[in-house]
Amino acid sequence: MGTRHDSIGIKQVIPYEWMRKAASLALAGLPPKEIRQELHAALALEGKQVQSGERSAWTRTFLVNNLMAIWSSPDTELSSFRDIALDLLRAYPDQAIAIHWAMISAAYPFWFNTARQTGRLLNLQTQVTQAQVVSRLKEQYGDRQTVSRYARFVVRSFVDWRALKDATTTGCYEKANPLTVADHEVAALLLHAALLASPEGKAPLGVLLGSPAFFPFHLPALRGENLRGRAGCLKIVRYGLDDELLTLTA
């Protein structure tokens, strides 16, 4: 899992509408090659968030590569997770944004970590700036120029997904109204994604439920028994008096 956790990967704003487009093509059962062609054609036709000339082709390629790695051709270790996410999209279309959040967090831990740092700041203050988020990310990823550049794409993606909203002061962001995740299966998918986004692959259930990376959502209270349907993916270990540790199965 090391390569996925150490890399940044996101080199373009990931619009929510294009996450939905990529997922719909996967749900339709198209093979990866056709999905890639469909995404390129649709982006070229719309021309949204791309610039003219050679650079627009590169921009499209970055976005398509990200979408493919999330929904169409994920890492082998994420294939079964992607299949679960697609099943949940069919069953709970009204919870789609939480399902997409889980999938992109698992595929790109940098998204998850940017969300976690953003959420931590929002727990302390009503507004955050890109500079504050980047400063915290550099503590984890090192003082790389790419951290600053690509974190901006992720934060702007949060705005596009309506997890954040622009504040009146330029460069500042505020938390949008959280969305309620009513279904336990969808909430479990988010917790599963958090473990996949972590190199350790384990965390106390209570810590996961309160993760600031889920700042756009209001999660239901869960206990280990609520996660029995994921027995093949997750392991629940009781410790202490009434605590539960959630881990990925081997």
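Residues numbered from 1 in each chain as written. Predicted model: local features only at pLDDT ≥ 70, side-chain atom pairs only at ≥ 80, totals over all residues. Heavy atoms only, no water.

Undergrad: Looking at this structure, how should I read the overall build of the protein?
TA: For the protein, the helix and strand inventory stands at 11 helices and 8 strands. Over its C-alpha atoms the protein spans a radius of gyration of 18 Å, differing by no more than 12% from the 18 Å that the globule rule assigns to 250 residues. In terms of its C-alpha atoms, the protein occupies a principal-axis envelope of roughly 60 × 45 × 35 Å. A separation of at least 24 residues holds for 66% of the contacts in the protein among residues at least 6 apart in sequence. (Helix = DSSP H or I, 4+ residues; strand = E, 2+ residues; numbered from the N terminus. Rg over C-alpha atoms; globule rule 2.2 N^0.38 Å. Contact = heavy atoms within 4.5 Å.)

Undergrad: Is there a simple way to think about the pairing of strand β3 (residues 172-175) in this case?
TA: Where a strand is regular, its side chains alternate between the two sheet faces. Sheet topology places strand β1 (residues 127-129) next to β3; 3 bridges connect them, and they run antiparallel. In the sheet register, T129 faces β3, and the bridge partner there is C172. Here strand β2 (residues 164-166) runs beside β3; their pairing, made up of 3 bridges, is antiparallel. Across the sheet, K165 pairs through a bridge with E174, a residue of β3. Once β2 ends, the chain turns through 5 residues before running back antiparallel as β3, passing G171 with a positive phi of about 85°. (Pairing = 2+ DSSP bridges.)

Undergrad: Just checking my understanding: could you explain the sheet that holds β3 for this structure?
TA: What holds strands together in a sheet is hydrogen bonding between their backbones, with the strands either parallel or antiparallel. Spatially, β1-β3-β2 is the arrangement adopted by the 3 strands of the open sheet, whose pairing is antiparallel. The open sheet has two free edges, formed respectively by β1 and β2, since each of these has just one partner strand. Neighbour-to-neighbour, the strand axes of this sheet turn through a mean angle of 40°, independent of strand direction. Contacts from helix α7 (residues 109-124) reach β1, β2 and β3, with the element oriented near 140° to β1. Contacts from helix α9 (residues 145-160) reach β2 and β3 within the one sheet, and its direction differs from that of β2 by about 95°. (Axes fitted to C-alpha atoms, helices over the stretch in contact; angles between N-to-C directions.)

Undergrad: Which parts of the structure should I look at to understand the pattern of salt bridges?
TA: What the rule picks out here adds up to 6 salt bridges. With a closest N to O distance of 2.8 Å, R156 and D166 form a salt bridge. Placement of the pair is R156 in helix α9 and D166 in strand β2, with a sequence separation of 10 residues. Accessibility expressed as a relative area gives 31% for R156, which makes it partly exposed. Classification of D166 as partly exposed rests on a relative accessible area of 44%. (Salt bridge = Lys/Arg side-chain N within 4 Å of Asp/Glu carboxyl O. Buried < 20%, exposed > 50% of the residue type's maximum accessible area, 1.4 Å probe, protein only.)

Undergrad: Help me understand the side chain of N113, please; the structure alone is not making it clear to me.
TA: Following the sequence through the fold, N113 ends up in helix α7. A distance of 2.6 Å separates polar atoms of two side chains, one belonging to N113 and the other to R116. (Polar contact = N/O pair within 3.5 Å; in protein donor to acceptor, adjacent residues only side chain to side chain.)

Undergrad: Looking at this structure, how should I read the environment of R162?
TA: Here R162 shows up in the loop between α9 and β2. Taking C-alpha positions, R162 is 8.8 Å from K175, a pair spaced 13 residues apart along the chain.

Undergrad: Before we go on, may I ask you to explain the packing of helix α5 (residues 79-91) against helix α6 (residues 96-107) in this structure?
TA: Interaxial distance between α5 and α6 falls to 10 Å at its minimum, and their mutual angle equals 170°. Between α5 and α6, the angle falls in the class roughly antiparallel. Here α5 contributes F81, R82, A85, L88 and L89 to the contact with α6, which in turn contributes A96, I99, H100, A102, M103 and A106. When the residues that make up the contact of α5 with α6 are grouped by side-chain class, the tally is 9 nonpolar, 1 polar and 1 charged. (Parallel < 35°, antiparallel > 145°, perpendicular 65-115°, else oblique. Nonpolar A, V, L, I, M, F, W, Y, C, P; charged D, E, K, R; others polar.)

Undergrad: What is the right way to look at the environment of G206 in this model?
TA: Secondary-structure assignment places G206 in helix α11 (residues 205-209). G206 sits 21 residues away from E185 along the chain, and the two C-alpha atoms are 17 Å apart.

Undergrad: Which parts of the structure should I look at to understand the sheet that holds strand β8 (residues 243-248)?
TA: The strand order across the open sheet formed by 3 strands is β5-β8-β7, and the pairing between neighbours is antiparallel. On the outer flanks of this sheet lie β5 (202-204) and β7 (234-239), each paired with one strand and no other. For this sheet, the mean inter-axis angle between neighbouring strands, taken without regard to orientation, is 20°. In terms of strand pairing, β5 meets β8 through 3 bridges, oriented antiparallel.

Undergrad: Got a minute to help me understand helix α10 (residues 184-196) in this structure?
TA: Helical periodicity: at 3.6 residues per turn, an α-helix aligns residues three or four positions apart in one direction. Taking 1.5 Å of rise per residue, the 13 residues of α10 would be expected to cover 18 Å, and the 18 Å separating its terminal C-alpha atoms lies within 8% of that figure. Those residues of α10 that sit buried are V186, A187, A188, L189, L190, L191, H192, A193, A194, L195 and L196. (Expected span 1.5 Å × (residues − 1).)

Undergrad: I tried to follow the pairing of β8 on my own but got confused; where do I start?
TA: Bridge count for β7 against β8 is 6 bridges, and the pairing is antiparallel. By the bridge assignment for β8, V237 is matched with L245. Between β7 and β8, which pair antiparallel one after the other, the connecting turn spans 3 residues, and G240 there sits at a positive phi close to 65°.

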